[in-house]
Amino acid sequence: MKKLVIATGNAGKLREIQHLLQALNIEALPQSDFAVPEAEEPHCTFIENALAKARHASQHTGLPALADDSGICVDALQGAPGVHSARYACLDGTEPKSDERNNAKLLQSLSGEKNRYAHYYCVMVLVRYADDPQPLIAEGIWQGEILQQPRGDGGFGYDPLFLDAKTDKTGAELPLEIKNRISHRGQALAKLVHKLERLAL
Ligand code: IMP
């Protein structure tokens, strides 16, 4: 079985990625198994942040590394929270990160707003080694809208507020198999897997 390190400390993402890679007979190990410290994400684009995380994890482990950078982009907020999705409610310096506070801030930012259109965006990057000049890159977009109140107990992050445009269910109401099939991360990973099949790790 081939080994990959997954450059994330987010348990929700890790679960989804491991589930998807199992089918390819790839052992996806969390970077916490190697005590990789969290990478900086200083960039203003998803792709730059994903590359920084993948290179950092590969450098620390000597293994190929897969990273994603993702977030929710809300039309009426000119694409915010965007690359700041994980720390949206911490932008004023308050800690720690919290999905609950992020969701509360999103609802507050959209208070009175009729245009609730939003999408999740994900870019996935795989580097075979830390300074790989030809990383594999794939992206996915999931369209939906932001509800006025949360619905469902599954998923993570903004899922209870994010209504899928096609099924009329929130990300927190969809079973993991279905979310993985339609989500931004599922789409990006499916495209990456396609490319991976042709790559000798
Ligand atoms: P990253 O770790 O910098 O990529 O942060 C991504 C952040 O975007 C997460 O912490 C969530 O707040 C949000 N996010 C990304 N994908 C999802 C998803 O599938 N469901 C819910 N929130 C998500």
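Whatever comes next refers back to the structure up there.
Colleague: Any chance you could explain the overall build of the protein chain here in plain terms?
Modeller: Of regular secondary structure, the protein chain possesses five helices and six strands. When the elements of the protein chain are put in sequence order from the N terminus, they spell out β-α-β-α-β-α-β-β-β-α-α. In terms of overall size, the protein chain behaves like a compact globule, its C-alpha atoms giving a radius of gyration of 17 Å where 201 residues would be expected to give roughly 17 Å. Here the protein chain holds 201 residues, and 47% of them are scored as buried. Restricting the contact set of the protein chain to residue pairs at least 6 apart, pairs at least 24 apart contribute 59%. In the form shown here, the protein chain has an accessible surface area of approximately 10300 Å², with 51% of it arising from carbon and sulfur atoms. Averaged over its 22 positive side-chain charges, the protein chain has a centre that lies 3 Å from the centre of its 26 negative ones.

Colleague: What exactly am I supposed to notice about the site of the ligand here?
Modeller: As a structural note, the neighbourhood of the ligand is formed by 17 residues, with K13, Y120, D159, K179 and R185 the closest of them. Between the ligand and E41 there is a distance of 3.0 Å, counted from an oxygen atom to a side-chain nitrogen or oxygen. One of the side-chain N or O atoms of R185 is found 2.8 Å from a nitrogen atom in the ligand. Contact with the protein chains hides 94% of the accessible area of the ligand, taken as 490 Å² for the molecule alone. The biggest single contributor to the shell around the ligand is strand β3 (residues 65-74), with three residues. Counted by class, the shell around the ligand contains four nonpolar, six polar and seven charged residues.

Colleague: What exactly am I supposed to notice about the pattern of salt bridges here?
Modeller: Pairing between side chains becomes possible if they bear opposite charge and their charged atoms approach one another. Tallied over the entire structure, the rule returns seven salt bridges. Taking the shortest distance from any N to any O, the salt bridge between D132 and R128 comes out at 2.8 Å. The class of D132 is buried, set by a relative accessible area of 1%. Within this structure, E41, K53 and D69 form a network of salt bridges that share partners.

Colleague: I would appreciate a short explanation of the nonpolar core in the present structure.
Modeller: What tends to happen in soluble globular proteins is that the nonpolar side chains get buried as a cluster. In terms of nonpolar packing, the biggest core is built from 18 residues, with L21, L66, M124 and L192 touching the most fellow members. Residue contributions to this core peak at five residues, all from helix α5 (residues 184-196).

Colleague: Would you mind going over the packing of helix α1 (residues 11-22) against α5 with me for this structure?
Modeller: To describe two helices that pack against each other, one gives the angle between their axes and the distance between the axes. Packing of α1 against α5 leaves a shortest axis separation of 11 Å and a crossing angle of 35°. Judged by the sense of rotation from one axis to the other, the crossing of α1 with α5 is right-handed. Contacts between α1 and α5 involve K13, E16, I17, L20 and L21 from the first element and R185, G186, L189 and V193 from the second.

Colleague: What exactly am I supposed to notice about the sheet that holds strand β5 (residues 136-146) here?
Modeller: Whenever strands of a sheet pair, they do so through backbone hydrogen bonds, lying parallel or antiparallel. The sheet built from six strands is open, its strands ordered β2-β1-β3-β4-β5-β6 with mixed pairing. If you trace the sheet from one side to the other, it starts and ends with β2 (26-30) and β6 (162-164), each paired once. In this sheet, neighbouring strand axes are inclined to one another by 35° on average, regardless of whether the strands run parallel or antiparallel. Pairing between strand β4 (residues 117-127) and β5: ten bridges, direction antiparallel. Bridge pairing in β5 links Y121 to I141. Relative to β5, α5 is tilted by about 160°, and along the sheet it contacts β2, β3, β4 and β5.

Definitions and cut-offs
Residues numbered from 1 in each chain as written. Predicted model: local features only at pLDDT ≥ 70, side-chain atom pairs only at ≥ 80, totals over all residues. Heavy atoms only, no water. Helix = DSSP H or I, 4+ residues; strand = E, 2+ residues; numbered from the N terminus. Rg over C-alpha atoms; globule rule 2.2 N^0.38 Å. Buried < 20%, exposed > 50% of the residue type's maximum accessible area, 1.4 Å probe, protein only. Contact = heavy atoms within 4.5 Å. Areas by Shrake-Rupley, 256 points an atom, 1.4 Å probe, with all protein chains shown as cover. Lys, Arg positive; Asp, Glu negative; His and termini not counted. Charge placed at Lys NZ, Arg CZ, Asp CG, Glu CD. Near = heavy atom within 4 Å. Polar contact = N/O pair within 3.5 Å; in protein donor to acceptor, adjacent residues only side chain to side chain. Nonpolar A, V, L, I, M, F, W, Y, C, P; charged D, E, K, R; others polar. Salt bridge = Lys/Arg side-chain N within 4 Å of Asp/Glu carboxyl O. Core = buried A, V, L, I, M, F, W, Y, C linked by side-chain atoms within 4.5 Å. Axes fitted to C-alpha atoms, helices over the stretch in contact; angles between N-to-C directions. Left-handed = near helix turned anticlockwise from the far one by under 90°. Pairing = 2+ DSSP bridges.

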